[in-house]
Amino acid sequence: MRIAQVAPLTEAVPPKLYGGTERVISWLTEELVEQGHDVTLFASGDSETTARLAPMWPRALRLDGTVRDPMALHMLMIEHVYRRAREFDIIHMHLDYFPFSIMSRQSVPFITTLHGRLDLREHQPLFDAWRDIPVVSISDSQRRPLPQARWASTIHHGLPTDLLTPQPTGQPEYLAFLGRICPEKRVDRAIHIAERCGLPLKIAAKVDPVDADYFEDEIKPLLARAPNVEFIGEIADHQKAEFLGKAMALLMPIDWPEPFGLVMIESMACGTPVVAFNRGSVPEVIEDGVTGYIVEDEIAASQAVRNLDRIDRAVVRRRFEERFTATRMAEGYVDLYEQLIMQASPRPRLAVA
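The structure presented is a predicted model; accordingly, all values stated were derived computationally and were not measured.

Thresholds, definitions, all that
Residues numbered from 1 in each chain as written. Predicted model: local features only at pLDDT ≥ 70, side-chain atom pairs only at ≥ 80, totals over all residues. Heavy atoms only, no water. Helix = DSSP H or I, 4+ residues; strand = E, 2+ residues; numbered from the N terminus. Buried < 20%, exposed > 50% of the residue type's maximum accessible area, 1.4 Å probe, protein only. Contact = heavy atoms within 4.5 Å. Areas by Shrake-Rupley, 256 points an atom, 1.4 Å probe, with all protein chains shown as cover. Lys, Arg positive; Asp, Glu negative; His and termini not counted. Charge placed at Lys NZ, Arg CZ, Asp CG, Glu CD. Pairing = 2+ DSSP bridges. Axes fitted to C-alpha atoms, helices over the stretch in contact; angles between N-to-C directions. Core = buried A, V, L, I, M, F, W, Y, C linked by side-chain atoms within 4.5 Å. Right-handed = clockwise from strand over helix to strand, strands pointing away.

Engineer: Account for the overall build of the protein chain, with residues named and values stated.
Structural biologist: Within the protein chain one finds 13 helices and 13 strands. Overall, the C-alpha framework of the protein chain stretches about 80 × 40 × 35 Å when taken along its three principal axes. Out of the 353 residues belonging to the protein chain, those deemed buried represent 54%. A fraction of 65% describes how many contacts in the protein chain between residues 6 or more apart in sequence connect residues 24 or more apart. Surface summary for the protein chain: the accessible area is close to 15,800 Å², and the carbon and sulfur share equals 50%. Side chains of the protein chain carry 39 positive and 50 negative charges; the gap between the two charge centres is 3 Å.

Engineer: Describe unusual backbone geometry, with residues and values.
Structural biologist: P14 follows V13 through a cis peptide bond whose omega is -5°. Mapped onto the elements, P14 comes out in the loop between strand 1 (2–6) and helix 1 (20–34). The phi torsion at D96 lies on the positive side, around 55°, for a residue other than glycine. The topology assignment puts D96 in the loop between strand 4 (90–93) and helix 3 (100–103). For R186, which is not a glycine, the phi torsion comes out positive at approximately 55°.

Engineer: I'd love a proper account of the sheet that holds strand 13 (residues 292–295), names of residues and values included.
Structural biologist: Read across the open sheet, the 6 strands follow the order 10-9-8-11-12-13; overall the sheet is parallel. Here the strands that pair on one side only, and so sit at the sheet edges, are strand 10 (229–231) and strand 13. Averaged over all adjacent pairs, the angle separating strand axes in this sheet is 20°, with direction ignored. As paired elements, strand 8 (residues 174–180) and strand 9 (residues 201–206) share 6 bridges and run parallel to each other.

Engineer: Quick rundown of the nonpolar core? Include the residues and the values.
Structural biologist: One finds L201, I203 and V275 to be the most contacted residues of the largest nonpolar core, which totals 82 residues. Broken down by element, the residue count for this core peaks at 8 residues, all from helix 13 (residues 326–343). When neighbours within four sequence positions are excluded, I203 is seen to be in contact with F177, I181, V187, I191, L223, V229, E230, F231, I232 and G233. Core analysis: the second largest hydrophobic core is formed by 30 residues, V67, F127, I133 and L146 among them.

Engineer: Just give me the short version of the pairing of strand 6 (residues 134–137), but keep the residues and values in it.
Structural biologist: Along strand 6, one buried face is formed by P134 and V136 and the opposite face, lined by V135 and S137, is buried too. In the sheet, strand 5 (residues 110–114) pairs with strand 6 via 3 bridges, with the strands oriented parallel. Counted as the bridge partner of T113 is V136 from strand 6. In this view, the connection linking strand 5 to its parallel neighbour strand 6 by way of helix 4 (residues 123–129) has right-handed handedness. Where strand 6 lies against strand 7 (residues 150–154), 4 bridges are found, and the strand directions are parallel. Bridge pairing links V136 to S153 in strand 7.

Written as structure tokens, this is what we have:
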């Protein structure tokens, strides 16, 4: 199958540091190549892949300080894919709703995975206008605000089986927070939970420019008053196995409708249970009492931490292998690609002299 994967240009594929969407695109692309498909990846030029790379800009935009209008480059990439569409059997977009208009004007089947939140008011008229565009949700909960969308499938994320593995360590001694410092991720709650339990907390997280004031005004004062909390900053993939594997649990005290929450399956891959607030996709990913605990508030989270000895870390790893591998994710997408290709109208044949 000739497959185009079209990634955002914000981060490289895979990203050098933080970047969930581009990381998932990388795992999917590499697995599709491994399965024998002819894959072209449209992405930044500093991406690394075994697929055929179609570089749309020399460097990931987050690392290129010369770019002042990133949307212009994304629109140019969509036009480029449109002009090359007939080279592919299926085009898989990861650019949210931006390709809907132009890609609906050509005959090659395409699918868009929606990676972000969909509960904003302005999404309603947009998905009313494009009800016939097939889209993929990364959790069933992500779909709820937009029942009018043409949902083709829900396909949970997956990561390579051997990317993150349990670490041969002694008794875990700290709680972990991994991801991004922003109001909806609620690292402040993680600090409060650790304080309630009298346990150390290590925070490995990036601070985006848009959240810099929040970090300075809200989080830094908490860190200054919490001697058992260590702020590490942003970490890369190769550091995650040790960071998560040595933790008693990952804390995920979110305050928003999380579309998926990649960090949960990264923790599970390390055999580390997750204590997460009951928001968004959490009940679809975490099995309460098996791979972690689903809680409603800080008090319940503190009690869950005290009950972590009831969780079998070997079972946590096994459930990851059964549910959230890149192989399983790719198989789900290949099934969907085949369905869309079969449903598509036959393309007109070119006359041969």
